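As a plain string of letters, each chain reads:
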Amino acid sequence: MLLIRSSLLVGLGSVASRVLGLARDVLFAQALGAGPVADAFLAAFRLPNLMRRIVGEGGLNPALVPMLSRLEPDRAAVMAGDVLSAFGLVLLALTGLVEIAAGFLALLLAPGLHDDGETLALVALYTRLSFPIVLCVTLASIGAALLNMRGRFAATALAPLAVNAGLILALVVLETGFALPLAQKAAWLAATSSLAGLTQLACVAAAMRHGKPSLVRFGRPRWSPMLKSLLVAGCPVLVASGAVQIFFLAATQIASFWPSGVSWLYYAERVMQLPLGLMSALGSSLLLPELARRHQAGEFGALVTAQNRALETALLLALPASAALFILARPISIVLFGRGAFEASDAEGTALVLMGLSLGLPFATAAKVLSQTLFARGSLRAALAAAVVGLVVTVAASLLLAWPLGPVGIAFGVSIGCLAHAGAVSLGLWQIGLWSFDRGLMTRLVRIVAAVLVMSLGLVGTGRLAPVAGSLSVALVCLGGLALYALAAWITGAVTRDDWAAIAKKT
């Protein structure tokens, strides 16, 4: 019962964070549009937002949690203090370096703006104002992992909401109370993001002060072998955990060579990340501990079975989401972003990019689920190698397709990179004997695909009979598609009575 309640809390916190994030981006589009200022702001916001999402989804947990869980409480508290102090000093130095070298970093983030000195200068300014959030949210994520180890999930589920809530409040104030130029609006938003990150850190720190025994004991950091191994493993873990986000960072660099390309890619990605982000958070907080327990117990057959059942559940959600986003890309883009400074041509461009990205959603979801087995086993090298393969393929495919197709080709390149990443993770598991495409998975996958086809035909038919336009009609079509998919999944056997019985038994 406690595990189910914690799972629901983590899930609800993750959903609330994604919904607030989408609302934030809707307001971004309304306030900034998709012109040069928006490109500059979103290019600068990409790096800190990438770090926030990686660590917020438990990116450091595969390295941090196993190390501290092996220690006695008093020793773990001392080590936790050393970890926080060491990461704080490293991140403080990194933040100072970014503040000094923001101009050079701006050129790396948006190389396509090299001939536009004014916009490039805005990228540098917004980078300086927004990057301190990295320091705050990384320390907050370490504190959240410590709280989760003690079974305290409330603060860690709710604290991340502070960043998006703070930005939404700032956007509402700027839009209703001030008439500022776009460049100044973006500057205030960049500064607000850092302040909101500080609020998140304060919430986690306040939660850590309560409870016995103490979670953290601060002192002068000692360069122990355990701390050294954590710092050395931290970078590979973050890269492997945030592979898809890194694919988008590379894609943003390529998209900067096209007018409004950065903005279209950003807004389309945010819609795609709504279902993917939920699976990422649940995978790191719920699936990883379960797989780790089975691996430590030597139950390798049960581990593979649990992995395949988790993959079935993930694809049960990801495949219909992918199809719906592809079919409804235009009305979704218009309803979410088509207002204020965001023009009709920008909504069309975002819709086309979203169609390209939606094809990669099932592969990104599968890779996120399967990589949890590598993390549970401690195979960070294999997970990192798979991420590198996906990144190389993303860059190569994006460059190849961008010249004839523009930003849409870049979106297809990201989807191809997600496919390569999922394939590399599967190959890594197969090589160590932890991948088996069993009959149950194959049968369930066929049934899911059949249900998705029924739903897709219904959505396409609805669009032909009555063109979807307006928020109410989009909501009704989405709900109707969901109901049709649920019915088709029940009829085809993608969801069975035994599945519901298993859920009822767990609760």
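The following paragraphs examine the structure supplied in this document. These figures come from a predicted structure and were not determined experimentally.

### Comments concerning helix α21 (residues 471-492)
- The end-to-end C-alpha distance of α21, which contains 22 residues, comes to 31 Å, matching closely the 32 Å that a straight helix rising 1.5 Å per residue would cover.
- Along α21, the residues that are buried comprise V474, V477, G481, Y485, A488 and A489. Across the axial projection of α21, the buried residues extend over an arc of 105 degrees, all falling on one side. Of the residues in α21, the exposed ones pointing more than 90 degrees away from the buried face are L472, L476, L479, L482 and I491.
- Note on α21: the residue one or two positions beyond its end, G493, has a positive phi of about 90 degrees.

### Some remarks on the packing of helix α18 (residues 380-405) against helix α19 (residues 407-431)
- Taken N-terminus to C-terminus, the directions of α18 and α19 make an angle of 155 degrees; their axes are 7 Å apart at the nearest point. As the angle between them shows, α18 and α19 are arranged roughly antiparallel. Where α18 crosses over α19, the handedness of that crossing is right-handed.
- Split into classes, the residues belonging to the contact of α18 with α19 amount to 17 nonpolar, 7 polar and no charged.

### Brief notes about the nonpolar core
- Of all hydrophobic cores here, the largest spans 143 residues; its most connected members are F28, F41, Y126 and L357.
- Tallying contributions element by element places helix α2 (residues 36-56) first for this core, with 12 residues.
- Apart from the residues lying within four places of it in its own chain, the contact partners of F28 are G33, F41, L42, F45, L167, L171, L189, Y266 and Y267.

### Focus on a nonpolar patch on the surface
- A contiguous nonpolar patch, built from L169, V173 and F178 and spanning about 290 Å² of accessible area, is present on the exposed surface.
- You can see V173 is positioned in helix α9 (residues 161-177).

### Focus on the environment of R339
- Inspection of the secondary structure assignment puts R339 in the loop between α15 (329-337) and α16 (344-358).
- A relative accessible area of 32% places R339 in the partly exposed class.
- Separated by 313 residues in sequence, R339 and V26 have C-alpha atoms that sit 9.1 Å apart.
- The contacts of R339, once residues within four sequence positions are left out, are V26, A29 and Q30.
- At 2.6 Å, the side chain of R339 and the backbone oxygen of V335 are in polar contact.

About the criteria used
- Residues numbered from 1 in each chain as written.
- Predicted model: local features only at pLDDT ≥ 70, side-chain atom pairs only at ≥ 80, totals over all residues.
- Heavy atoms only, no water.
- Helix = DSSP H or I, 4+ residues; strand = E, 2+ residues; numbered from the N terminus.
- Expected span 1.5 Å × (residues − 1).
- Buried < 20%, exposed > 50% of the residue type's maximum accessible area, 1.4 Å probe, protein only.
- Arc of directions from axis to C-beta.
- Axes fitted to C-alpha atoms, helices over the stretch in contact; angles between N-to-C directions.
- Parallel < 35°, antiparallel > 145°, perpendicular 65-115°, else oblique.
- Left-handed = near helix turned anticlockwise from the far one by under 90°.
- Nonpolar A, V, L, I, M, F, W, Y, C, P; charged D, E, K, R; others polar.
- Core = buried A, V, L, I, M, F, W, Y, C linked by side-chain atoms within 4.5 Å.
- Contact = heavy atoms within 4.5 Å.
- Patch = residues over 30% accessible without salt bridge, like charges linked within 9 Å, V, L, I, M, F, W, Y side chains within 5 Å.
- Areas by Shrake-Rupley, 256 points an atom, 1.4 Å probe, with all protein chains shown as cover.
- Salt bridge = Lys/Arg side-chain N within 4 Å of Asp/Glu carboxyl O.
- Polar contact = N/O pair within 3.5 Å; in protein donor to acceptor, adjacent residues only side chain to side chain.

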